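Here is how the chains run, residue by residue.
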Amino acid sequence: MQTVETIAALRAATGAWRQGGERIALVPTMGNLHEGHLHLVAEAKRQARRVVVSIFVNPTQFGAGEDFANYPRTEEADAAKLREAGVDLLFLPRVEEMYPGGSQGMSFVEVPGLSDRLCGKVRPGHFRGVATVVCKLFNMVQPDLALFGEKDFQQLAVIRRMTRDLNLPVEIVGVPTVREPSGLAMSSRNGYLSPEEKTRAAFLHQLLLRIADQLRAGQRDYAALETQGEHELREAGFAPDYLAIRRASDLEMPDTGDVELVVLVAARLGKARLIDNISLGLGLV
Ligand code: PAF
């Protein structure tokens, strides 16, 4: 595995592959890699001849008071995992390489509407930072496809919309969430949980499964399900940011005829802010 820190070195490597007609996949990450990331890499290897992984803790997607400074940085261990997984190239840029003019007054990519609800409402500017850095990575790597975890359902929707709206020639692939045996979705932020909190955090997935069952059973009072779910989260010791039932295609409020739904949750437990979701197609039932 080759490791490069500059855009010039990255372009030299990917340019040669492209000239040789090799299909290139990109897996963008912020490092602190877990089984979920390695699933993205495995899927990337299935779909492309060359796999590029980027590790960049992107300052523009963190708000004031969020965990940018403390975000776990484990580059050596990450590189070992990626080498073992058969990644071709690790792109490990410094902040100055990604944002040479600083991030004040720079050009941004905005995906309006979709970015402003749910997590975007609680973390203003977050999806602008995500869309911008992903767009920059697409320009740098020029991959044929890019892979993202479905755990970050809203992020995936924002990236799909940006790619469509800006005619970026990149296929966006969503990869199913990888879970602990308890059902807890794997996340770099699970490291903030104490062992007791980690056990309790499995409640998020159980709650989503139960709400999905209620929807499948014909319950259509979405507001009542959301209120009851948030109540249960508080009872279980979480501080919920939201529990929401949305139309899967655009995260708008569903009407009773919509069949492709997603139930999304974001809640704080101790020092961790956890997110999870479950998609369901009622048309198939
Ligand atoms: O999901 C993440 O790790 C990040 O939001 C991403 C997509 C790498 C952009 O910084």
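Everything numeric here is computed off the predicted structure, so don't read it as measured data.

Peer 1: It is not clear to me how the nonpolar core should be interpreted in this structure. Could you clarify?
Peer 2: Nonpolar side chains tend to gather and get buried jointly when the protein is soluble and globular. F91, F138 and M162 are the most contacted members of the largest nonpolar core, which totals 47 residues. When contributions to this core are tallied by element, the ones reaching two or more residues are α1 (7-19), β2 (24-29), β4 (89-91), α6 (126-141), β5 (145-149), α7 (153-165), β7 (239-247) and β8 (260-269). Counting residues per element, this core draws most heavily on α6, at ten residues. In contact with F91, not counting residues within four places along its chain, are V4, E5, T6, I7, L10, V53, S54, I55, M98, L137 and M140. Core analysis: the next-biggest nonpolar cluster, separate from the first, contains 26 residues, F238, L261, V263 and L274 among them.

Peer 1: Before we go on, may I ask you to explain the pattern of salt bridges in this structure?
Peer 2: Scanning all chains against the criterion turns up 24 salt bridges. D258 is the partner of R247 in a salt bridge, and the nearest nitrogen-oxygen pair spans 3.5 Å. Within this pair, whereas R247 is found in strand β7, its partner D258 is found in the loop between β7 and β8, the two being separated by eleven residues in sequence.

Peer 1: I keep staring at the packing of helix α9 (residues 203-216) against helix α10 (residues 222-235) and nothing clicks. Help me out?
Peer 2: Between two packed helices, the angle of one axis relative to the other and the distance separating the axes together describe the packing. Close contact between α9 and α10 brings their axes to 11 Å; oriented N to C, the two are set at 160°. In terms of orientation, α9 lies roughly antiparallel with respect to α10. Here α9 runs over α10; the crossing is right-handed. In contact with F203, L204, L207, R210, I211, Q214 and L215 of α9, α10 contributes Y222, L225, G229, E232 and L233. Taken together, the residues of the contact of α9 with α10 break down into eight nonpolar, two polar and two charged.

Peer 1: Please clarify how α6 should be interpreted in this entry.
Peer 2: Residues spaced three or four apart along an α-helix point in a common direction, a consequence of the helix completing one turn every 3.6 residues. The terminal C-alpha atoms of α6, which comprises 16 residues, lie 23 Å apart, in line with the 22 Å expected from a rise of 1.5 Å per residue. Buried residues dominate α6, accounting for 13 of its 16 residues. Within two residues after α6, Q142 carries a phi angle of roughly 50°, on the positive side.

About the criteria used
- Residues numbered from 1 in each chain as written.
- Predicted model: local features only at pLDDT ≥ 70, side-chain atom pairs only at ≥ 80, totals over all residues.
- Heavy atoms only, no water.
- Core = buried A, V, L, I, M, F, W, Y, C linked by side-chain atoms within 4.5 Å.
- Buried < 20%, exposed > 50% of the residue type's maximum accessible area, 1.4 Å probe, protein only.
- Helix = DSSP H or I, 4+ residues; strand = E, 2+ residues; numbered from the N terminus.
- Contact = heavy atoms within 4.5 Å.
- Salt bridge = Lys/Arg side-chain N within 4 Å of Asp/Glu carboxyl O.
- Axes fitted to C-alpha atoms, helices over the stretch in contact; angles between N-to-C directions.
- Parallel < 35°, antiparallel > 145°, perpendicular 65-115°, else oblique.
- Left-handed = near helix turned anticlockwise from the far one by under 90°.
- Nonpolar A, V, L, I, M, F, W, Y, C, P; charged D, E, K, R; others polar.
- Expected span 1.5 Å × (residues − 1).

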